[in-house]
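Here is how the chains run, residue by residue.
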Amino acid sequence: MDERMDLKRFLSIMKKRFLTILVTAIVFFGISAVATLYFIEPTYEAQEFIFIGSLNDEETVADTQRVSRLMASSMDLISSSVVFDQVKRDVNVTDEDLSESIAVTNSQNSQIITISVQDLDPDRAKLIAQATATASVDKMGELLNIRDVEVLSKNDSGSKEVGSSTLNMAIGLTVGLLVGIGLAMLRDYFDDTLQDAKEIEWSLGLPVIGELTLNDKKYARLNRKMRRKREVLNKKGGKMHAQ
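Residues numbered from 1 in each chain as written. Predicted model: local features only at pLDDT ≥ 70, side-chain atom pairs only at ≥ 80, totals over all residues. Heavy atoms only, no water.

Another point: the packing of helix H4 (residues 81-90) against helix H6 (residues 122-143). The N-to-C vectors of H4 and H6 enclose an angle of 135 degrees; their axes lie 9 Å apart at closest approach. If you check the angle between H4 and H6, you find them oblique. Crossing handedness for the pair H4 and H6: right-handed. Residues Val82, Val83, Gln86, Val87 and Asp90 of H4 lie in contact with H6, whose contacting residues are Ala131, Thr132, Ala135, Ser136, Lys139 and Leu143. A per-class count over the contact of H4 with H6 returns six nonpolar, three polar and two charged. (Axes fitted to C-alpha atoms, helices over the stretch in contact; angles between N-to-C directions. Helix = DSSP H or I, 4+ residues; strand = E, 2+ residues; numbered from the N terminus. Parallel < 35°, antiparallel > 145°, perpendicular 65-115°, else oblique. Left-handed = near helix turned anticlockwise from the far one by under 90°. Contact = heavy atoms within 4.5 Å. Nonpolar A, V, L, I, M, F, W, Y, C, P; charged D, E, K, R; others polar.)

Let us look at the pairing of strand E3 (residues 112-119). Counting buried residues in E3 gives six out of eight residues, a clear majority hidden from the surface. Where strand E1 (residues 43-52) and E3 come together, eight bridges link them in antiparallel fashion. Among the inter-strand pairings, Gln47 is bridged to a residue of E3, identified as Ser116. Here strand E2 (residues 102-106) pairs with E3 via five bridges, running antiparallel. (Buried < 20%, exposed > 50% of the residue type's maximum accessible area, 1.4 Å probe, protein only. Pairing = 2+ DSSP bridges.)

Evaluated as defined, the whole model comprises seven salt bridges. Between Lys16 and Asp188 there is a salt bridge, with its nearest N and O atoms 2.9 Å apart. One end of the pair, Lys16, is in helix H1 (residues 2-16); the other, Asp188, is in helix H7 (residues 165-190), with 172 residues separating them in the sequence. Overall, Lys16 belongs to the partly exposed group, its relative accessible area being 32%. Using a relative accessible area of 9% as the deciding quantity, one classes Asp188 as buried. Salt bridges linked by common partners bring Asp85, Lys88 and Asp95 together as one network. (Salt bridge = Lys/Arg side-chain N within 4 Å of Asp/Glu carboxyl O.)

Together, Arg221, Arg224, Lys225, Arg227, Arg228, Lys229 and Arg230 give the surface a local cluster of positive charge. In this structure, Arg227 sits in helix H9 (residues 216-236). (Patch = residues over 30% accessible without salt bridge, like charges linked within 9 Å, V, L, I, M, F, W, Y side chains within 5 Å. Areas by Shrake-Rupley, 256 points an atom, 1.4 Å probe, with all protein chains shown as cover. Lys, Arg positive; Asp, Glu negative; His and termini not counted. Charge placed at Lys NZ, Arg CZ, Asp CG, Glu CD.)

This part takes up unusual backbone geometry. The backbone of Asn109 sits at a positive phi, close to 65 degrees, despite the residue not being glycine. Tracing the backbone shows Asn109 in the loop between E2 and E3. Owing to a relative accessible area of 78%, Asn109 belongs among the exposed residues under this scheme. Residues other than glycine seldom take positive phi values, yet Asn145 does so here, at roughly 55 degrees. Take Asn145: it is sitting in the loop between H6 and strand E4 (149-151).

In this section: the side chain of Thr114. Along the chain, the position of Thr114 falls in strand E3. When neighbours within four sequence positions are excluded, Thr114 is seen to be in contact with Gln47, Glu48, Phe49, Ala103, Val104 and Thr105.

Turning to H4, a few remarks are in order. Among all positions in H4, only Val83, Phe84 and Val87 are buried. Taken end-on, H4 shows its buried residues confined to a sector of 100 degrees, consistent with a single buried face. (Arc of directions from axis to C-beta.)

So, on to the side chain of Thr20. Its place among the elements puts Thr20 in helix H2 (residues 18-39). Here Thr20 falls in the buried class, since its relative accessible area comes to 15%. Among residues more than four places away in sequence, those in contact with Thr20 are Gly180, Leu183, Ala184 and Arg187.

In structure tokens:
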């Protein structure tokens with residue numbers, strides 16, 4: 001019963017503070033839309049795939065362990081300065097750019113290493129990915145004596161945009177709704193006024209047995225009349241007594 005009353009109270013606050021929630025959501029959505037369309041530059045990702053070993057169903061446990069060690073060593077080699085130095089000579093890029101843009105991954109029990117490069121320029125991302133893959137294959141054969149290795153990607157495969165403008169704006173709208181609900185709850189928490197009989201019953205835990213409706217216009221006219229009387233009496237130096 002209490003949980004139902006809490007839910008009813010929450011829904012009542014949402015209804016009463018609907019304008020606050022709506023305005024907050026619109027503001028955050030607008031900020032995210034402007035930032036996405038005019039300030040945040042799109043990021044592009046290019047990938048290259050390197051295959052190591054051979055697909056042989058008759059491989060022994062020793063062969064499997066050897067391939068696993070080669071995969072681990074190759075991934076370390078790709079992320080090392082040995083490959084990065086070669087890439088820097090082929091592409092005009094710094095060490096910081098390479099370390100921040102390149103990610104080397106490998107799925108469990110897979111003989112394929114994925115080289116992912118993210119950059120603001122799609123052509124540059126693809127160029128770095130291709131240069132890294134080529135340098136990695138060369139260094140694997142030269143330093144690790146790996147012969148069964150090749151690049152699987154095609155040279156004409158392009159870069160793709162990472163993320164989405166629609167997703168960014170949807171996130172902004174969701175954050176705006178959550179912040180709006182939080183502001184609504186906060187405003188209601190610090191609002192000590194009672195708006196109707198239901199709030200009185202909820203706050204005091206007592207039933208309301210009657211209501212008195214005041215005529216606001218009538219009391220406004222009465223207040224203006226009494227104020228004018230006080231002003232006249234003050235000018236005459238008299239006093240006004242309550243009846």
